[in-house]
Amino acid sequence: MGEQSDDQPEVVVHVGDGSEEPHPVDPARPGASATDPAPEHPFLLLTRTPTDYIQARYLDDGTYELEHITGAEHRQLFTTDALLVRDIVWSWVQRDTWWSDTVAWTTVDPAIAELHALHTELSDMLDGISVMDSVADELDQALSRADELLEDFDLEFDGTDDRAS
């Protein structure tokens, strides 16, 4: 039951530019997505399952944040060494234990991870509210313009209907 089918890759590669959800990339046909992940694509995520993945992000200060989750274990590392990032990711893909045995990872406290997830969720909700604010601003501008146009329109109503004659 746990066997890999030929049409389903063992590792799914996702890249993202930080502005949208990651999108999967077929390593056999990478196309335009096979570029350096930084700064155009500062986000690289490789997944085997939802609870087994490794992610590398290029941060604004020029450092890389790597994190991996295997089951309940959540660890991370920060480095400025792009070659180390490459070696760790490649070792993880190859199922070589070097990436976990040799590299000095920090275990992420589950409470901190939960706070980070809550922060991300609230940020997403607030982003949605800011979209609504811009829609409300557009609507206010449209109503103001309608008021201006109606001011120029002379509405003289004397109570008689010219169509009746």
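Colleague: Even after reading the chapter, I still don't get the pairing of strand S4 (residues 52-58), so can you show me in this structure?
Modeller: The two faces of the sheet receive side chains in turn, since in a regular strand these alternate between them. When you tally the buried positions in S4, you get 5 out of 7 residues, the bulk of the element. Both strand S3 (residues 43-49) and S4 contribute to a ladder of 6 bridges, which runs antiparallel. Bridge pairing in S4 links Thr47 to Tyr53. Linking two consecutive strands that pair antiparallel, namely S3 and S4, is a turn of 2 residues. Of the pairings in the sheet, the one linking S4 to strand S5 (residues 64-70) comprises 7 bridges and is antiparallel in character. Paired with Asp52 across the strands is Thr70, a residue of S5. A loop of 5 residues connects S4 with S5, the two strands running antiparallel in sequence, and Gly62 in this loop sits at a positive phi of about 90 degrees.

Colleague: Is there a simple way to think about the environment of Asp81 in this case?
Modeller: Along the polypeptide, Asp81 turns up in the loop between strand S6 (73-79) and helix H1 (82-93). Residue Asp81 is classed as partly exposed on the basis of its relative accessible area of 36%. In the structure, Asp81 is positioned 19 residues away from Gly62 in sequence and 9.7 Å away in space, judged by C-alpha atoms.

Colleague: Can you help me understand H1 in this one?
Modeller: Each turn of an α-helix holds 3.6 residues, which means side chains three or four residues apart point in the same direction. Taking 1.5 Å of rise per residue, the 12 residues of H1 would be expected to cover 16 Å, and the 17 Å separating its terminal C-alpha atoms lies within 8% of that figure. Within H1 the residues assigned to the buried category are Val85, Ile88, Val89, Ser91 and Trp92. Buried residues in H1, looked at end-on, bunch into an arc of 160 degrees, giving them a common side. Residues of H1 that are exposed and point more than 90 degrees away from the buried face comprise Leu83 and Trp90.

Rules used in this analysis
Residues numbered from 1 in each chain as written. Predicted model: local features only at pLDDT ≥ 70, side-chain atom pairs only at ≥ 80, totals over all residues. Heavy atoms only, no water. Buried < 20%, exposed > 50% of the residue type's maximum accessible area, 1.4 Å probe, protein only. Helix = DSSP H or I, 4+ residues; strand = E, 2+ residues; numbered from the N terminus. Pairing = 2+ DSSP bridges. Expected span 1.5 Å × (residues − 1). Arc of directions from axis to C-beta.

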